[in-house]
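# An overview of the molecular structure
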Amino acid sequence: MKVYVDNKEIEVFDGARAADAVRAYVAGGGEKGGTVLYDAYGNEIAGDSPMKAGRKIFTRNPKK
């Protein structure tokens, strides 16, 4: 399924978690960000937060 990390489209497996998406992002040449993850609204999320198709997550707070 397609998700977005720091506005870059990433392909992850069904059942992937936020940490899996970030690993795929970094492996694909994306910048390694902080250890804190955020949703599209600037809320902090856990690495085990489930991903769904089209979800956007960020390694830096998108609202700052």
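### Quick look at the environment of Gly-30
You can see Gly-30 is positioned in the loop between α1 (18–27) and β3 (37–39). Separated by 24 residues in the primary sequence, Gly-30 and Asp-6 have C-alpha atoms spaced 8.6 Å apart. When sequence neighbours within four positions are dropped, the list of residues in contact with Gly-30 reads Lys-8 and Tyr-25.

### Quick look at the side chain of Asp-39
Within the fold, Asp-39 resides in strand β3. Despite its burial, Asp-39 pairs with no opposite charge; the closest candidate is Arg-55, at 5.3 Å N-O. A polar atom in the side chain of Asp-39 sits 2.9 Å from the backbone nitrogen of Tyr-41.

### Concerning the pattern of salt bridges
If the charged atoms of two oppositely charged side chains come close together, the side chains can form a pair. Under the counting rule described, the total for this entry stands at two salt bridges. Between Lys-2 and Glu-9 there is a salt bridge, with its nearest N and O atoms 3.9 Å apart. Residues Asp-20 and Arg-23 are paired through a salt bridge, measuring 2.6 Å at the closest nitrogen-oxygen approach. Here Asp-20 pairs with Arg-23, and both are found in helix α1, just three residues apart, close to one helical turn.

Criteria and cut-off values
Residues numbered from 1 in each chain as written. Predicted model: local features only at pLDDT ≥ 70, side-chain atom pairs only at ≥ 80, totals over all residues. Heavy atoms only, no water. Helix = DSSP H or I, 4+ residues; strand = E, 2+ residues; numbered from the N terminus. Contact = heavy atoms within 4.5 Å. Buried < 20%, exposed > 50% of the residue type's maximum accessible area, 1.4 Å probe, protein only. Lys, Arg positive; Asp, Glu negative; His and termini not counted. Salt bridge = Lys/Arg side-chain N within 4 Å of Asp/Glu carboxyl O. Polar contact = N/O pair within 3.5 Å; in protein donor to acceptor, adjacent residues only side chain to side chain.

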